[in-house]
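Residue-level structural notes
Read off the chains here:
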Amino acid sequence: MAAPVPWACCAVLAAATAVVYTQRHSPQEAPHVQYERLGSDVTLPCGTANWDAAVTWRVNGTDLAPDLLNGSQLVLRGLELGHSGLYACFHRDSWHLRHQVLLHVGLPPREPVLSCRSNTYPKGFYCSWHLPTPTYIPNIFNVTVLHGSKIMVCEKDPALKNRCHIRYMHLFSTIKYKVSISVSNALGHNATAITFDEFTIVKPDPPENVVARPVPSNPRRLEVTWQTPSTWPDPESFPLKFFLRYRPLILDQWQHVELSDGTAHTITDAYAGKEYIIQVAAKDNEIGTWSDWSVAAHATPWTEEPRHLTTEAQAAETTTSTTSSLAPPPTTKICDPGELGSGGGPSAPFLVSVPITLALAAAAATASSLTI
Amino acid sequence: DSWGMLACLCTVLWHLPAVPALNRTGDPGPGPSIQKTYDLTRYLEHQLRSLAGTYLNYLGPPFNEPDFNPPRLGAETLPRATVDLEVWRSLNDRLRLTQNYEAYSHLLCYLRGLNRQAATAELRRSLAHFCTSLQGLLGSIAGVMAALGYPLPQPLPGTEPTWTPGPAHSDFLQKMDDFWLLKELQTWLWRSAKDFNRLKKKMQPPAAAVTLHLGAHGF
């Protein structure tokens, strides 16, 4: 009796597993995709099952409590983003999969924000857009550009998906451009449009490679140089003017200088010894608006005072250096015998003693590698 | 359309006394007068901004609304500033200057017509002032052309504009024409700034006027 029972048992078990397997994995229709609004209530019927059919619902493989059921329908109230997922209902006894719903909870789109700008005048302009609040579900945008009654092509940006580019066909046009955008998703749609003249949207990119350098032997000067933005296609015919602003780091007030041409300027009223922050902006000479400020350059004007007075004081106590110790740095040259003895080599062997007039000595000995 | 009918009496302009060619020896070349012309276009553009604002308010809505974007109907004879980019870039100096001169000649003419109809004394004063400045710009352009040895454009015989009162047309259409006149004026001033900038760059460095004269024909 023992031998046939296990064998029969195995057979039945195998058959049951096979039935369950095929029923569970039999070709179903693809899950029904459904979009619902955040905060709303939704009732999901179990496919074509009767209202009083005995079913179990699962979301992403996890059983759902039966108190959410209304008969065979699943009721979800006050939808939140966490409710998104794959809902499946099964025949309670046979575990036969009756129906699947892929639920996405989201919002209809609000009015998009659209802006256009020409940083490549006179070549063309670009428009970019975004939604002020997320919808959490996929959106489709459609942009149209009209110049009077003529439709212009807006080419998609290769990298950014919310930007497209328009090429100017004519310059100096009296006819405005109208750019319209519509956005739609499964829950709604929205649109907006802007109208502008050719010259009002011109705004170059900020100047590039802003460099500020101290001017040797000039404690109140800083030399600033920069380059026209590389995106501006024709600085010869469409020259840019520049706006420079600078301040010492310790102060909040900026100084401003407007320059009608050239890509260099010397600041002559810098506070001695203070680190400065300097920025430059660009604008077409006649039209449009100023660019954003460039990346900041930092510089400190040339000084002749040494930086490490305390080091010198300590050194005076411990060495027999002949440099003066605690007295304030004099303006006349003091000779460091150590330096003389080294035969004018470029390195400074007596760093510890830090001669006061190191800068002047360096200038004389052309010791560019001198460190303080 | 009204512009075709409403031609102006512009004898003053078309008979502008020919500006004598500057003495070539030792003069700084047309550079300073190009700069002056450029500066004038900027000044006029600034002046036009307040004048246009006042005038459009006088016309009333929708003309004074910022988004007003009507189709360009009528106003066929207004000189248009719009031009293809490559064509503009490759204009030779003579053509560039001629186009500017002819455009402002016509625009000044139409502006004077506007002045005649303007309702308030204040508007008439502003328009008259602007006309005077525009006349100055024309003279300045003429000076540059003379310095470079280009003849001033003369009207073809028979096309000299004369005043012919056209058929009365709607008040609205008249206002549309005024709107386009101001728009075109604004655009031309902005274009001229770019034109004279280009001329300025070409003239640098301010070499001897003789070489400039020889080179001018080669463009």
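The name given to chain B in an unreviewed UniProt entry is Cardiotrophin-like cytokine factor 1, with the source organism recorded as Colobus angolensis palliatus. UniProt, in its Function (unreviewed entry) section for chain B, records the words "In complex with CRLF1, forms a heterodimeric neurotropic cytokine that plays a crucial role during neuronal development. Also stimulates B-cells. Binds to and activates the ILST/gp130 receptor." What UniProt records for chain B under Sequence similarities (unreviewed entry) is the sentence "Belongs to the IL-6 superfamily."

As annotated in an unreviewed UniProt entry, chain A is Ciliary neurotrophic factor receptor subunit alpha from Colobus angolensis palliatus. Under the heading Sequence similarities (unreviewed entry), UniProt records this for chain A: "Belongs to the type I cytokine receptor family. Type 3 subfamily." According to the UniProt record, the Subcellular location (unreviewed entry) comment for chain A reads "Cell membrane".

1. Description of the pairing of strand 7 (residues 85-91) of chain A
Residue and element names in this part refer to chain A. When you tally the buried positions in strand 7, you get five out of seven residues, the bulk of the element. Note that strand 3 (residues 55-59) and strand 7 share five bridges and pair antiparallel. By the bridge assignment, Thr-56 is partnered in strand 7 with Phe-90. Bridge count between strand 7 and strand 8 (residues 97-106): six bridges; the pairing is antiparallel. What sits directly across from Leu-86, in strand 8, is Leu-102. If you look at the hairpin formed by strand 7 and strand 8, you'll find five residues sitting between the two strands, and Trp-95 has a positive phi there, around 55°.

2. Focus: unusual backbone geometry
Residue and element names in this part refer to chain A. Following Tyr-121, the chain continues to Pro-122 via a peptide bond in cis, the omega torsion being 10°. Within the secondary structure, Pro-122 sits in the loop between strand 9 (113-120) and strand 10 (124-130). Residue Trp-95 is not a glycine yet carries a positive backbone phi of 55°. Position of Trp-95 among the secondary structure elements: in the loop between strand 7 and strand 8.

3. Looking at the packing of aromatic side chains
For the structure shown, the criterion picks out 24 aromatic pairs over all chains. Aromatic pair A:Phe125 and A:Tyr168: ring centres 5.3 Å apart, planes at 45°, arrangement tilted. On the criterion of sequence distance, the pair formed by A:Phe125 in strand 10 and A:Tyr168 in the loop between strand 14 (163-167) and strand 15 (170-171) is long-range, its members being 43 residues apart. A:Phe125 gets classed as buried once you look at its relative accessible area, which sits at 2%. Exposure remark for A:Tyr168: the relative accessible area of 5% places this residue in the buried category. Connected via pairs of aromatic rings, a cluster forms that spans A:Tyr121, A:Phe125, A:Tyr168, A:Phe172, A:Tyr177, A:Phe196, A:Phe199, A:Phe238, B:Trp88 and B:Trp190. Here A:Arg245 stacks its cationic end above the ring of A:Trp254, 4.0 Å away from the centre of that ring.

4. With respect to helix 3 (residues 31-59) of chain B
In a regular helix each residue adds 1.5 Å, so 29 residues correspond to 42 Å; helix 3 of chain B covers 41 Å between its end C-alpha atoms and thus fits that length. Just downstream of helix 3 of chain B, B:Gly60 is the residue with a positive phi angle, here 85°.

5. A few points about the interface of chain A and chain B
Taken together, the 24 residues of chain A in the interface contact 26 residues of chain B. Summed over both sides, the interface of chain A with chain B buries roughly 2,300 Å², with 53% coming from carbon and sulfur. For B:Lys194, the salt bridge is made with A:Glu286, and the minimal N-O distance between the two is 2.7 Å. Run the count over chain A and chain B and you get 15 residue pairs in polar contact (both at pLDDT 80 or more). Classifying every residue of the side of chain A that touches chain B gives 11 nonpolar, six polar and seven charged.

6. Re the side chain of B:Ser140
Residues and elements named next belong to chain B. Mapped onto the secondary structure, Ser-140 falls in helix 6 (residues 121-147). Since its relative accessible area comes to 6%, Ser-140 is described here as buried. In contact with Ser-140, not counting residues within four places along its chain, are Ser-33, Lys-36, Thr-37 and Leu-40.

7. Digging into the sheet that holds strand 2 (residues 42-44) of chain A
Residues and elements named next belong to chain A. Taken together, three strands build an open sheet; the order of strands is 2-6-5 and the sheet is antiparallel. Looking at the sheet topology across the chains shown, the edges are occupied by strand 2 and strand 5 (69-70). Across three bridges, the pairing between strand 2 and strand 6 (residues 73-76) is antiparallel. Looking at strand 6, one finds that Thr-43 is bridged to Val-75.

8. Looking at the nonpolar core
By size, the foremost hydrophobic cluster in this structure holds 98 residues, and its most contacted members are A:Tyr121, A:Phe125 and B:Tyr104. Per-element tally for this core: the top contributor is helix 7 (residues 171-203) of chain B, with 13 residues. A domain-level breakdown of this core finds at least three residues from each of domain 2 (113-196) and domain 3 (208-299) of chain A. When residues no more than four places from it in sequence are discounted, the contact partners of A:Phe125 are A:Cys116, A:Arg117, A:Ser118, A:Val145, A:Cys164, A:His165, A:Ile166, A:Tyr168, A:Tyr177, A:Val179, A:Phe196 and A:Ile201.

9. Some thoughts on the state of the cysteines
Residues and elements named next belong to chain A. The full count for this structure, using the stated rule, is three disulfides over all chains. Between the sulfur atoms of Cys-116 and its disulfide mate Cys-127 the distance is 2.0 Å. Taking the sign of the S-S torsion, about 100° here, the bridge from Cys-116 to Cys-127 comes out right-handed. With Cys-116 in strand 9 and Cys-127 in strand 10, this pair connects stretches of sequence that are 11 residues apart. Overall, the relative accessible area of 12% leaves Cys-116 in the buried class. Exposure remark for Cys-127: the relative accessible area of 0% places this residue in the buried category. Each sulfur in the disulfide pair Cys-154 and Cys-164 lies 1.8 Å from the other. Negative torsions about the S-S bond denote left-handed disulfides, and the value of about 90° found for Cys-154 with Cys-164 makes this one right-handed. Of this pair, Cys-154 sits in the loop between strand 12 (150-152) and strand 13 (155-156) while Cys-164 sits in strand 14, placing them 10 residues apart in sequence. Cys-164 matches Cys-154 in its accessibility class, with the two residues each being buried.

Thresholds, definitions, all that
Residues numbered from 1 in each chain as written. Chains lettered and ligands numbered in written order. Predicted model: local features only at pLDDT ≥ 70, side-chain atom pairs only at ≥ 80, totals over all residues. Heavy atoms only, no water. UniProt positions renumbered as here; feature names shortened; annotations may be inferred. Buried < 20%, exposed > 50% of the residue type's maximum accessible area, 1.4 Å probe, protein only. Helix = DSSP H or I, 4+ residues; strand = E, 2+ residues; numbered from the N terminus. Pairing = 2+ DSSP bridges. Phe/Tyr/Trp six-rings, centres within 6.5 Å; stacked < 30°, edge-to-face > 60°. Lys NZ or Arg CZ within 6 Å of the ring centre and 35° of its normal. Expected span 1.5 Å × (residues − 1). Contact = heavy atoms within 4.5 Å. Buried area = accessible area lost by both parts, 1.4 Å probe. Salt bridge = Lys/Arg side-chain N within 4 Å of Asp/Glu carboxyl O. Polar contact = N/O pair within 3.5 Å; in protein donor to acceptor, adjacent residues only side chain to side chain. Nonpolar A, V, L, I, M, F, W, Y, C, P; charged D, E, K, R; others polar. Core = buried A, V, L, I, M, F, W, Y, C linked by side-chain atoms within 4.5 Å. Domains from an automatic or database assignment. Disulfide = S-S within 2.5 Å.

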